[in-house]
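Geometric and topological summary
Given next are the chains, with one letter for each unit.
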Amino acid sequence: MSTVPTIELNDGTRIPQLGFGVFQIPPEETAAAVKTALDIGYRHIDTAEMYENEKGVGDGVRDSGIDRAEVYVTSKLNNSFHKPDDARRAFDRTLAALGFEYVDLFLIHWPLPTLYGGDFVSTWKTLEEFKKDGRARSIGVSNFQVAHLQRLADETETVPAVNQIEVHPYFGNNEVRAYGREHGIATEAWSPIAQGRVLDDAVVTRVAEATDKSPAQVVLRWHIQRGDIVFPKSVTLQRIKDNFALFDFELGAEHFDAISALDRGEEGRFGPNPDTFDYVPG
């Protein structure tokens, strides 16, 4: 079985660099998918309140028979519950849905700077409470831009352990990654293969052929070598296995640089822009 490296976060905890994502996995399929991933060797599961499948994650961990302490579990605050009291209740529901006494990592899912009077700082201070009482071993953010991160630095005491952002070969998100690197914030890459958009790219397929790996594997390996934390999602057994097999090869400088050169800057972003994103579930 491959050994997944861990990354030390700024609070002294460690996170597996490769995980299993459950975004868009239907709630009724989540437990089985999580158990499959854990059987293969994954020990890091990424979910969110807005995915509506936290219960399936908890069930999958229990069904695996693996001790809870051996599985790193992340969830994220629903956009509807940024006000402190709402966030507290939402976090209680997360723990109840998972059936856990704690989560390893809890994130603000989006900054939502055009909503709640632009106040994501009080939301962050509420997450600080969860860390202080031990129910969140680490806390972080997702989709925060440099200005959002700097505001937290100016107005609060805790530096986020991670920032989960859109990153893939077409959108390196390098300014945000550089800020994180400078300030000890680990970067987690969501949609690391751009929901499949990069897999047919001529550069990616050429590197895949040269390394005798799949296009997805070489792109995920590119992330690993950049230091990103990744958690590809699939419900297909072979793909779940393939996505785990990233540690028996390495991209040479030429192949690594070729994939890096695919970056299109802001034009490569296909997800929402965090500066304007304002979706709140009804």
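To start, this report covers the structure provided alongside it. This structure is a prediction, so every number in the text was calculated from the model and none was measured. (Residues numbered from 1 in each chain as written. Predicted model: local features only at pLDDT ≥ 70, side-chain atom pairs only at ≥ 80, totals over all residues. Heavy atoms only, no water.)

Some details on the packing of aromatic side chains
Two numbers describe a pair of aromatic rings. These are the distance of the centres and the angle of the planes. The full count for this structure, using the stated rule, is nine aromatic pairs. Between tyrosine 42 and phenylalanine 244, the ring centres sit 4.8 Å apart and the planes meet at 50°, which makes this aromatic pair tilted. Of the two residues, tyrosine 42 sits in the loop between α1 (27-40) and β4 (44-46) while phenylalanine 244 sits in helix α9 (residues 237-244), which places them 202 residues apart along the sequence. Neither tyrosine 42 nor phenylalanine 244 differs from the other in exposure class; each is buried. Between phenylalanine 91 and phenylalanine 106, the ring centres sit 4.8 Å apart and the planes meet at 65°, which makes this aromatic pair edge-to-face. Pair noted here: phenylalanine 91 is in helix α3 (residues 84-98) and phenylalanine 106 is in strand β6 (residues 103-108), with a separation of 15 residues, a long-range link. For phenylalanine 91, a relative accessible area of 0% puts it in the buried group. A relative accessible area of 0% places phenylalanine 106 in the buried class. By way of ring pairs, the aromatic residues Phe20, Tyr42 and Phe244 are connected into one cluster. For arginine 93, the ring lying beneath its charged end belongs to phenylalanine 81, and the centroid distance is 4.8 Å. In this structure, arginine 197 is placed above the aromatic ring of phenylalanine 270, and the distance from its NZ or CZ to the ring centre is 4.0 Å. (Phe/Tyr/Trp six-rings, centres within 6.5 Å; stacked < 30°, edge-to-face > 60°. Helix = DSSP H or I, 4+ residues; strand = E, 2+ residues; numbered from the N terminus. Buried < 20%, exposed > 50% of the residue type's maximum accessible area, 1.4 Å probe, protein only. Lys NZ or Arg CZ within 6 Å of the ring centre and 35° of its normal.)

Focus on unusual backbone geometry
Across the chain, the bulk of peptide bonds are trans and the bulk of non-glycine residues have phi less than zero. Phi at glutamate 52 is positive, roughly 60°, even though this residue is not glycine. With respect to the element layout, glutamate 52 can be found in the loop between β4 and α2 (54-64). The exposure class assigned to glutamate 52 is exposed, which follows from its relative accessible area of 63%. A positive phi is found at alanine 194, a non-glycine position, where the angle reads about 55°. Looking at the secondary structure, you find alanine 194 in the loop between β9 (186-190) and α7 (202-211).

Comments concerning α7
For α7, the full list of buried residues reads Val203, Val204, Val207, Ala208 and Thr211. Buried residues along α7 cover an arc of 135° about the axis, so they all sit on one side. Within α7, the exposed residues directed more than 90 degrees away from the buried face are Ala202, Glu209 and Ala210. Where α7 begins, the side chain of aspartate 201 points an oxygen toward the backbone nitrogen of valine 203, at a separation of 2.8 Å. (Arc of directions from axis to C-beta. Polar contact = N/O pair within 3.5 Å; in protein donor to acceptor, adjacent residues only side chain to side chain.)

Focus on the environment of phenylalanine 244
Looking at phenylalanine 244, the relative accessible area reads 4%, which means it is buried. With 109 residues separating them along the chain, phenylalanine 244 and arginine 135 place their C-alpha atoms 29 Å apart.

Some remarks on the side chain of aspartate 201
The residue aspartate 201 is located in the loop between β9 and α7 in this model. Salt bridges are absent for the buried aspartate 201, whose nearest opposite-charge side chain, arginine 264, sits at 4.7 Å. For aspartate 201, the side chain forms a polar contact with the main-chain nitrogen of valine 203, separated by 2.8 Å. Those residues in contact with aspartate 201 that lie beyond four places of it in its chain are Tyr170 and Leu262. (Lys, Arg positive; Asp, Glu negative; His and termini not counted. Salt bridge = Lys/Arg side-chain N within 4 Å of Asp/Glu carboxyl O. Contact = heavy atoms within 4.5 Å.)

Considerations on the pattern of salt bridges
Enumeration according to the criterion identifies 17 salt bridges in this entry. Aspartate 59 serves as the salt-bridge partner of lysine 55, at 2.7 Å between the closest nitrogen and oxygen. Pair noted here: lysine 55 and aspartate 59 are both in helix α2, with a separation of four residues, about one helical turn. Here aspartate 59 falls in the partly exposed class, since its relative accessible area comes to 23%. For arginine 226, the salt bridge identified is with aspartate 228, shortest N-O distance 3.5 Å. Aspartate 228 shares its class with arginine 226; the two are buried. Put simply, Lys55, Asp59 and Arg62 are held in one network by salt bridges that share partners.

Some remarks on the pairing of strand β8 (residues 162-166)
Of all five residues in β8, five are buried; the element is thus mostly enclosed. Read as a crossover between parallel neighbours, the route from strand β7 (residues 136-142) over helix α5 (residues 146-155) to β8 is right-handed. As judged from the five bridges shared by β8 and β9, these two strands associate in the parallel manner. From the neighbouring strand, glutamine 164 faces β9, where its bridge partner is glutamate 188. Regarding the hand of the β-α-β motif, the stretch spanning β8, helix α6 (residues 174-183) and β9 is right-handed. (Right-handed = clockwise from strand over helix to strand, strands pointing away. Pairing = 2+ DSSP bridges.)

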